[in-house]
Amino acid sequence: MRTPLTTVTGAMAVLPETNVNTDAIIPSAWLRSAKADLARGLFGARRFDDAGRERPDFVLNQGPFRSAKILLTGENFGCGSSREAAVWALARFGIRCVLAPSFADIFYENAFRNGVLAGVVDEATRAALAAAVDRHRDAPVFTVDLPGTAIVGPDGDRHTFMVPPHRAGMLIRGDDEIDLTLRHLDAIERHLAKAKLERDWLHDASTDTRQYP
Amino acid sequence: MTPDHKTSEHKTADPSVTGPRSLFDRIWDAHVVKRLEDDRDLVFVDRHVLQETTSAQAFEGLARAGRRVMHPELTVATQDHIVSTLPGRDEGTNPGGTELLGLMRANTAAHGIRHFGVDDRRQGIVHVMAHETGFALPGCLLTCGDSHTSTVGGLGAIGLGVGTSEVEHVLATQTLAITRPRNMRVTFDGALGRGISAKDIILHMIGQLGVAAGRGCAVEYAGPAIRALPIEARLTICNMSIEFGARLGLIAPDDATFAYVRGREFTPTGAAFDRAVAEWRDLVTDPDARFDRDFTIDCRQVAPQVTWGTSPQDVAGVDVAVPDPAQFADHRRRDLAAAALSYMGLEPGTPLEGIPIDVAFIGSCTNGRLSDLEAAAAVARGKRVAPNVRALVVPGSMSVKREAEALGLHRIFENAGFEWRDAGCSMCVSINEDVVAPGARCIATSNRNFENRQGLRSRTHLASPAMVAAAAIAGRITDVRKEMTA
Ligand code: SF4
């Protein structure tokens with residue numbers, strides 16, 4: 001069980017670029033230790049200069065966006081490296097929901113497995129949300145309602161996002177993927193037993209630990 | 001993952017669909033343990049490879065939940081990302097790496113997983129070690145907590161790069177719960193010109209199709225130009241699949257593949273090998289199989305490629321100039337190109353040929369194999385690296401290093417002034433001590449030219465091994481075809 005997620009309420013930060021890669025989300029400098037401060041590492045190279053000082057022009061260093069809970073961004077978010085630390089960094093910073101017209105595949109999987117909602121918005125919604133953030137730069141507070149697949153803006157304006165129902169369900173219940181899979185243990189072992197019979201070359205003839213140190 | 005993606009997910013995942021199948025369909029279907037009620041497939045993982053920077057938290061998760069590794073015999077581990085590449089290095093040579101390296105050693109020992117660490121002859125980059133040991137085989141499904149796992153597609157294997165939670169999931173269940181990718185095909189027509197390598201045609205393709213073209217897809221590379229490629233070049237092609245967003249890349253295995261696989265440590269022998277080959281011969285795409293996306297690339301006119309920006313799609317032939325961002329019709333692409341040029345310190349209209357470089361890096365899971373080093377050595381033989389250029393050759397594995405030394409390649413590189421290092425990811429990701437200085441310009445055989453990838457404010461130009469060797473010698477980006485006539 002992980003912490004269930006039903007709504008996310010807070011400031012929405014906008015990063016308008018497309019193809020934001022995971023090297024940008026969490027630069028490799030923060031991957032050198034299992035105990036690195038990932039919240040600080042989020043967009044590290046863009047948030048801080050070489051001396052570790054904040055760059056005032058970056059959105060997460062500005063006013064209410066310093067404690068953003070939602071990130072609105074462009075197509076193909078999270079492309080590049082498979083590093084799951086990209087999602088951990090978002091979550092540790094406090095961002096539990098990313099909205100974009102599309103996501104890179106591995107990032108998308110990683111997000112849900114860590115209780116972060118990756119919601120797909122169409123281009124018109126993305127533009128409308130960005131405009132709403134612009135109008136309310138002092139208090140850009142939105143609520144993402146997962147069961148209702150709705151985003152409610154500061155003016156009470158409602159928008160929708162897309163999420164496959166099973167993924168929404170897993171977040172809402174706080175399901176653990178491994179527990180779910182282990183329910184199919186019999187089918188997994190049956191598959192392996194059959195493979196060993198039909199394809200010994202893939203199993204006992206090549207992976208037996210007794211054959212190789 | 002776009003809405004249209006979802007609808008076709010349903011279509012292709014329908015178990016009742018029979019009829020013509022792609023190479024990908026054949027391998028995938030053989031691995032489906034169960035179709036989950038939620039449009040995903042639970043697939044069996046035949047082979048699992050671990051590297052030190054994406055597995056520590058996975059083992060931590062197992063311990064927290066009190067779970068064991070279900071099939072340790074189906075997993076191997078190595079140390080590649082954060083190891084020092086200083087010749088004769090050990091786990092302590094790069095002090096910044098000792099924590100993760102120590103965790104890898106301890107975790108694998110505790111769970112009975114084979115570990116090819118820096119003290120082992122088989123140590124190397126995961127995507128080099130996996131196939132050269134015969135651990136990855138045609139027709140198998142392999143996962144690794146690293147995006148370039150697609151590399152083994154060059155043998156006709158499904159390689160899926162996953163995140164750390166999924167590493168934990170594979171360790172605990174030997175399966176992945178995953179959306180079935182859609183079928184995409186890219187046909188490479190024509191023959192490669194002189195001085196043109198697999199790296200050039202795949203970079204050219206990414207430039208043509210863009211970095212998101214493959215999202216959600218299993219991409220089969222086909223056509224006469226692919227058939228003609230030796231196995232290591234096919235691995236290079238499949239390696240770069242992730243650079244245009246694909247889930248995995250595949251090339252149908254053939255006699256060249258079987259010859260490559262035979263005789264490796266984990267490869268089955270004797271009658272078991274013959275049974276394997278008989279099955280591998282069926283790993284083909286039916287002539288009338290359907291592809292959700294189908295593209296053709298003409299290889300005839302492809303020049304040596306070099307990137308000018310901060311995304312692999314920012315690429316051009318070495319014989320043209322840095323583009324003017326104004327030429328891009330799409331305003332977002334225009335803005336990105338302008339930002340990329342400012343980061344790279346380049347003016348529109350500057351010929352790519354002639355741009356001075358500070359560092360030349362030959363290595364990585366894209367181009368760190370023996371044939372890559374041979375191509376670079378052919379250019380470097382009898383020459384000298386330009387003054388003020390730091391040039392490194394980092395073999396993809398210690399086996400590659402030994403094979404290269406047996407051929408005397410290390411002498412060619414050392415005599416020319418290249419550093420000849422031990423195996424690892426090195427300057428591809430720069431999380432060990434091999435870092436490009438702020439503002440410095442590096443031409444590299446690796447696969448990513450993102451901002452800060454090779455070190456804070458590093459500037460990266462991606463190219464083939466021969467192009468990088470030629471640039472190291474000239475001190476500037478140069479057309480390797482001219483070196484070859486010289
Ligand atoms: S060489 Fe580079 S791309 Fe390949 S596994 Fe290592 S870090 Fe990743």
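Note that this is a predicted model, so its numbers are computed, not measured.

### A short note on the sheet that holds strand 8 (residues 175–179) of chain B
All names here are of chain B. Overall, antiparallel pairing links the three strands, which are arranged 1-2-8 in an open sheet. Of all strands in the sheet, those bounded by a partner on one side alone are strand 1 (32–35) and strand 8. Neighbour to neighbour, the strand axes of the sheet diverge by 25 degrees on average, direction disregarded. In the sheet, strand 1 pairs with strand 2 (residues 40–44) via three bridges, with the strands oriented antiparallel. Looking across to strand 2, one finds that Arg35 is bridged to Asp41. Those strands touched by helix 6 (residues 164–173) are strand 2 and strand 8, and its axis lies near 130 degrees from that of strand 8.

### Focus: the environment of Leu160 of chain B
Residue and element names in this part refer to chain B. Mapped onto the elements, Leu160 comes out in strand 7 (residues 158–161). What makes Leu160 buried here is its relative accessible area of 0%. Between the C-alpha atom of Leu160 and that of Ala218, which follows or precedes it by 58 residues, the distance is 9.9 Å. In this view, Leu160 contacts Trp28, Leu141, Leu142, Thr143, Cys144, Thr149, Leu176, Ile178, Arg247 and Leu248; residues no more than four positions away in its chain are not counted.

### Regarding the domain arrangement of chain B
All names here are of chain B. Under the domain assignment used here, chain B contains domain 1 (14–180 + 250–280), domain 2 (182–249 + 289–301) and domain 3 (316–478). Between the C-alpha centres of domain 1 and domain 3 there is a distance of 28 Å. In this assembly, domain 1 packs against domain 3 so that about 2,000 Å² is buried in total across both faces, 52% of it on carbon and sulfur atoms. Where domain 1 meets domain 3, there are one salt bridge. Arg89 is the salt-bridge partner of Asp422, the closest N and O atoms lying 3.5 Å from each other. If you look at where domain 1 meets domain 3, you find 18 residue pairs in polar contact (both at pLDDT 80 or more).

### Focus on the site of the ligand
Taken together, His81, Ile125, His127, Asp146, His148, Ser364, Cys365, Cys425, Cys428, Val429, Asn447 and Arg453 of chain B make up the full set of residues near the ligand. For the shell around the ligand, the per-class residue count stands at five nonpolar, five polar and two charged.

### Observations regarding the sheet that holds strand 7 of chain B
For sheets, the rule is that strands pair by backbone hydrogen bonds, running either parallel or antiparallel. Residue and element names in this part refer to chain B. Pairing within the open sheet is parallel, and its five strands lie in the order 5-4-3-6-7. In this open sheet, the two edge strands, each paired with only one partner strand, are strand 5 (114–116) and strand 7. When the angles between neighbouring strand axes are averaged without regard to direction, this sheet yields 20 degrees. When strand 3 (residues 47–50) meets strand 6 (residues 141–144), the two strands line up parallel, connected through three bridges. Looking at the pairing, Val49 lines up with Cys144 of strand 6. Sheet contacts for helix 6: strand 3, strand 4 (75–78) and strand 6; angle to strand 3, the most-contacted strand, approximately 135 degrees.

What counts, and where the lines are drawn
Residues numbered from 1 in each chain as written. Chains lettered and ligands numbered in written order. Predicted model: local features only at pLDDT ≥ 70, side-chain atom pairs only at ≥ 80, totals over all residues. Heavy atoms only, no water. Pairing = 2+ DSSP bridges. Helix = DSSP H or I, 4+ residues; strand = E, 2+ residues; numbered from the N terminus. Axes fitted to C-alpha atoms, helices over the stretch in contact; angles between N-to-C directions. Contact = heavy atoms within 4.5 Å. Buried < 20%, exposed > 50% of the residue type's maximum accessible area, 1.4 Å probe, protein only. Domains from an automatic or database assignment. Buried area = accessible area lost by both parts, 1.4 Å probe. Salt bridge = Lys/Arg side-chain N within 4 Å of Asp/Glu carboxyl O. Polar contact = N/O pair within 3.5 Å; in protein donor to acceptor, adjacent residues only side chain to side chain. Near = heavy atom within 4 Å. Nonpolar A, V, L, I, M, F, W, Y, C, P; charged D, E, K, R; others polar.

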